[in-house]
Amino acid sequence: MPESYAGKINRKLLKKQRIIAAAAGREPADLVLKNATFVNVFSNELSTMDIAVAEGLIVGMGSYQGRSEVDCTGKIVLPGFLDAHIHLESSLVSPTEFVKAVLPHGTTTVVTDPHEIANVMGTDGIEYMLQATEDLPVDVRFMLPSCVPATPLDESGAILDYRAIDSFYDHPRVQGLAEMMNFVGAINGDEQTVEKIVAAQAHHKKIDGHAPDLQGNDLNAYIAAGVYSDHECHDVKDAIAKLERGQFIMIREGTAARNLEALMPLLTGKYADRCMFCTDDKHPNDLLEKGHIDYIVKKAISLGADPITAVKVACHNAARYFLLNNRGGISPGYLADFVIIDNFQDFNIEQVYKKGVLMVDHGEIQDFPSPEIEPYLVERAHKTFHVAALTAEDFAEKRPRGIIGMVDGEITTVDAGYSDRIDVEYDVLKIAVVERHKNTHHIGIGYIQGYGLKSGAVATSISHDSHNIIVVGTNEMDMAAAVNRVVELNGGIVVWDGGQSVAEVPLAIAGIMSDEPLVTVNEKLETAKDAAHKLGVNPGIDPFMTLSFMALPVIPSLRITTRGVFDVTTQSYV
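It should be emphasised that the depicted structure is a prediction, and the values quoted were computed from it without experimental measurement. (Residues numbered from 1 in each chain as written. Predicted model: local features only at pLDDT ≥ 70, side-chain atom pairs only at ≥ 80, totals over all residues. Heavy atoms only, no water.)

This part is about the overall build of the protein. Assigned secondary structure in the protein consists of 18 helices and 28 strands. Against the compact-globule benchmark of 25 Å for 574 residues, the protein has a radius of gyration of 25 Å, which places it among compact chains. Seen through its C-alpha atoms, the protein measures out along the principal axes to roughly 85 × 50 × 50 Å. Counting across all 574 residues of the protein, residues that qualify as buried make up 61%. A fraction of 68% describes how many contacts in the protein between residues 6 or more apart in sequence connect residues 24 or more apart. When the accessible area of the protein is evaluated, it comes to approximately 22100 Å², of which 51% is carbon and sulfur surface. Averaged over its 49 positive side-chain charges, the protein has a centre that lies 5 Å from the centre of its 78 negative ones. (Helix = DSSP H or I, 4+ residues; strand = E, 2+ residues; numbered from the N terminus. Rg over C-alpha atoms; globule rule 2.2 N^0.38 Å. Buried < 20%, exposed > 50% of the residue type's maximum accessible area, 1.4 Å probe, protein only. Contact = heavy atoms within 4.5 Å. Areas by Shrake-Rupley, 256 points an atom, 1.4 Å probe, with all protein chains shown as cover. Lys, Arg positive; Asp, Glu negative; His and termini not counted. Charge placed at Lys NZ, Arg CZ, Asp CG, Glu CD.)

Turning our attention to the nonpolar core. Formed by 131 residues in total, the largest nonpolar core has its most connected members in Leu78, Phe277 and Tyr451. The dominant element in this core, judged by the number of residues it contributes, is helix H17 (residues 518-534), at 6 residues. Ignoring any residue separated from it by four or fewer positions in sequence, one finds Leu78 in contact with Val39, Val311, Ile330, Asp337, Phe338, Val339, Ile341, Phe344 and Phe347. By size, the runner-up hydrophobic cluster in this structure holds 21 residues, among which are Phe385, Val387, Ala480 and Ala482. (Core = buried A, V, L, I, M, F, W, Y, C linked by side-chain atoms within 4.5 Å.)

Structurally, Glu89 can be placed in the loop between strand S6 (81-86) and helix H2 (95-102). The buried charged residue Glu89 lacks any salt bridge partner; its closest oppositely charged side chain belongs to Arg436, at an N-O distance of 11 Å. Not counting chain neighbours up to four residues away, the residues in contact with Glu89 comprise Asp113, Pro114, His115, Glu116, Ile117, Ile512 and Met513. (Salt bridge = Lys/Arg side-chain N within 4 Å of Asp/Glu carboxyl O.)

Sites flagged by UniProt as "domain: Amidohydrolase-related" (unreviewed entry) map to residues 76-358. Helix makes up 35% of residues 76-358 and strand 20%. Its end C-alpha atoms lie 16 Å apart. (UniProt positions renumbered as here; feature names shortened; annotations may be inferred.)

This paragraph deals with the environment of Ser229. Relative to the helices and strands, Ser229 is located in strand S11 (residues 229-230). Remark: the alpha-carbon pair of Ser229 and Asn217, spanning 12 residues in sequence, is separated by 17 Å.

It is worth spelling out the environment of Ala221 at this point. In this structure, Ala221 sits in helix H8 (residues 216-224). Exposure remark for Ala221: the relative accessible area of 27% places this residue in the partly exposed category. For the pair Ala221 and Ile403, spaced 182 residues apart in the sequence, the C-alpha separation amounts to 36 Å.

Moving on to unusual backbone geometry. The omega angle of the peptide bond from Val148 to Pro149 is 0°, so this bond is cis rather than trans. Tracing the backbone through its elements, the reader meets Pro149 in the loop between strand S8 (139-144) and helix H5 (162-166). Following His464, the chain continues into Asp465 via a peptide bond in cis, with omega recorded as -5°. For Asp465, the position within the fold is in the loop between strand S22 (457-460) and strand S23 (469-473). Unlike most non-glycine residues, His204 shows phi in positive territory, near 60°. By the secondary structure assignment, His204 is in the loop between helix H7 (191-202) and strand S10 (206-209). In this structure His204 comes out as exposed when scored by relative accessible area, which is 72%.

For the pair helix H12 (residues 293-302) and helix H13 (residues 307-314), interaxial distance at closest approach is 9 Å and the crossing angle is 155°. Taken together, the axis directions place H12 and H13 in an arrangement best described as roughly antiparallel. Seen from above, H12 lies across H13 with right-handed handedness. Packed against H12, whose contacting residues are Ile293, Val297, Ala300 and Ile301, the element H13 presents Pro307, Ala310, Val311 and Ala314 at the interface. For the contact of H12 with H13, the class distribution of residues is 8 nonpolar, no polar and no charged. (Axes fitted to C-alpha atoms, helices over the stretch in contact; angles between N-to-C directions. Parallel < 35°, antiparallel > 145°, perpendicular 65-115°, else oblique. Left-handed = near helix turned anticlockwise from the far one by under 90°. Nonpolar A, V, L, I, M, F, W, Y, C, P; charged D, E, K, R; others polar.)

Taken in spatial order, the 3 strands of this open sheet run S26-S27-S28, and their pairing is antiparallel. The sheet is open, and its two edges are formed by strand S26 (558-561) and strand S28 (572-573), each paired on a single side. Pairing geometry for S26 and strand S27 (residues 564-567), over 4 bridges, is antiparallel. The residue of S27 that forms the bridge with Arg559 is Phe566. (Pairing = 2+ DSSP bridges.)

On inspection of all chains with the given rule, the structure shows 32 salt bridges. Between Glu253 and Lys299 there is a salt bridge; the shortest N-O distance is 2.9 Å. Of this pair, Glu253 sits in the loop between strand S12 (248-252) and helix H10 (260-263) while Lys299 is found in helix H12, placing the two residues 46 residues apart along the sequence. Taken individually, Glu253 and Lys299 each receive the classification buried, so the pair is uniform in this respect. In this structure, the salt-bridge partner of Glu397 is Arg401, at a minimum N-O distance of 3.0 Å. Of the two residues, Glu397 and Arg401, both sit in the buried class. Residues joined in a network through salt bridges with shared partners are Arg18, Glu27, Asp30 and Arg67.

Turning to a positive patch on the surface, a few remarks are in order. Together, Lys8, Lys12, Lys15, Lys16 and Lys355 make up a positively charged patch on the protein surface. Structurally, the position occupied by Lys12 is in helix H1 (residues 5-24). (Patch = residues over 30% accessible without salt bridge, like charges linked within 9 Å, V, L, I, M, F, W, Y side chains within 5 Å.)

What follows deals with the pairing of strand S1 (residues 29-40). The two faces of the sheet receive side chains in turn, since in a regular strand these alternate between them. S1 sits mainly inside the fold: 10 of its 12 residues count as buried. Pairing of S1 with strand S4 (residues 66-71), which is carried by 5 bridges, proceeds in the parallel orientation. Bridge pairing links Val32 to Glu69 in S4. Here S1 pairs with strand S2 (residues 45-54) via 8 bridges, running antiparallel. The partner of Asn40 across the bridge, within S2, is Glu45. Linking two consecutive strands that pair antiparallel, namely S1 and S2, is a turn of 4 residues; a positive phi of about 55° is found at Asn44 within it. As paired strands, S1 and strand S5 (residues 76-79) are joined by 2 bridges and run parallel to one another. Bridging from a neighbouring strand, Thr37 pairs with Ile76 of S5.

Under the counting rule described, the total for this entry stands at 0 disulfides. Of all cysteine sulfurs in the structure, the one in Cys275 sits closest to Cys233, which takes part in no disulfide; the separation is 9.0 Å. For Cys233, a relative accessible area of 0% translates into the label buried. Its sulfur unpaired, Cys315 is 14 Å from the next cysteine sulfur, which belongs to Cys275. (Disulfide = S-S within 2.5 Å.)

This is the structure in structure tokens:
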């Protein structure tokens, strides 16, 4: 029988009285970190005293006794870290597996934009992620996708206007509207774009930005529209121009984009209070080998940042920005989310507490249950491919098509002319995008130079942002076979050669995430990378991540869509 309103009030009353009694020292605390040297984000110094915890909250600092006491002499206690902007789907694993990866690195809160799965499943994708993150030992907060699809040129699994997402603002873990990538629409006052901004503001929610190199009156218009932050700054001039106009700057250090070194001048007394850390995209190998927000803090300190400043940017500033007023600091009434390290130089994380519970002890993570997800949503997430079997003939093309010229170390491209055939000797390969959401049989065909493949084909259902199937091949037969195998797997990455799959990574959740453990997914992914490189893929590129961005028609200069090769600069097909 549901608890009555009066019952809820009484339960909360008793809990609050217990918190007050422990804070006042009339009752022992549940947990006391004795002799704790901690980062005080309010006075910008290290303080040393006992930290008392009751009912999952910090109740006081001073001298306390507790039912459980932990001596922290010689250690440093930090507030739990917060990732201000991430797409959980980029980890290629379920939210539960993601949490298992980042909690040992001291992350206790993340703010995710589920636009990857929303491009596949629409509002069902948002609901899937909300249920898949419920009550995990890392708090997962949400920003609602603002651009599904990213551009009208894309053929995604859904089109979300402001009405489609409006009801989600009432969810207690939704903080606002995610990165407004359509900055052109915002600047020009496009009706549908502005509708989304106005609706978010009507709910008193934050609106995050995405506007690389925007300047002058266009930048003024974008900010005046109501966009509060930006995570796309790759140089300090761009960042300061936005910061001077009131935007918060998310300093991004992820897998696909790394901006920390360029933005280090922001981590000073003049600017740091307007900054926070984010990863945006974090792939399995990066999570396992480097870490998460802790990696950014450690790197910032090694580059000369004041340790207390770096820690504040990693927790307190983002908490204030998102109005998460009970986290990001060590103070009475704040969540008892702690990271205990040895020292600032080595920055080894020894223990992680979540709401006063020891969740990680020297790398060993305590078990926790996976959230329950409605059976309908589970089935829906595992049946997102609607593609008829393809043959070599489907990829045949006699007319000249544009050649996408890859740029070493970049996801930008150049116009490399035209071709009417594959020429492996000159590294001219065929590239195609296959629409996979609605069985339209739309297949965009073009050519690509710089990928390096000498034999076989590579296909993946991760292709930003609509996540159709993108394939590169040295012949049409292998291209068709690789795409068919991706469909058989209900999504994934396939390296095909000699009439068979030589490596694959199944991604059965919406075609973008795996049901398997992170370590398993990483092993399969690294094996697939090795297989692709052995078939000739340029050793200087990630065979799959690079390929996935070739389908995003907002990055200059040429891209491939389900309708063919598109020139982003001239907004025309070639």
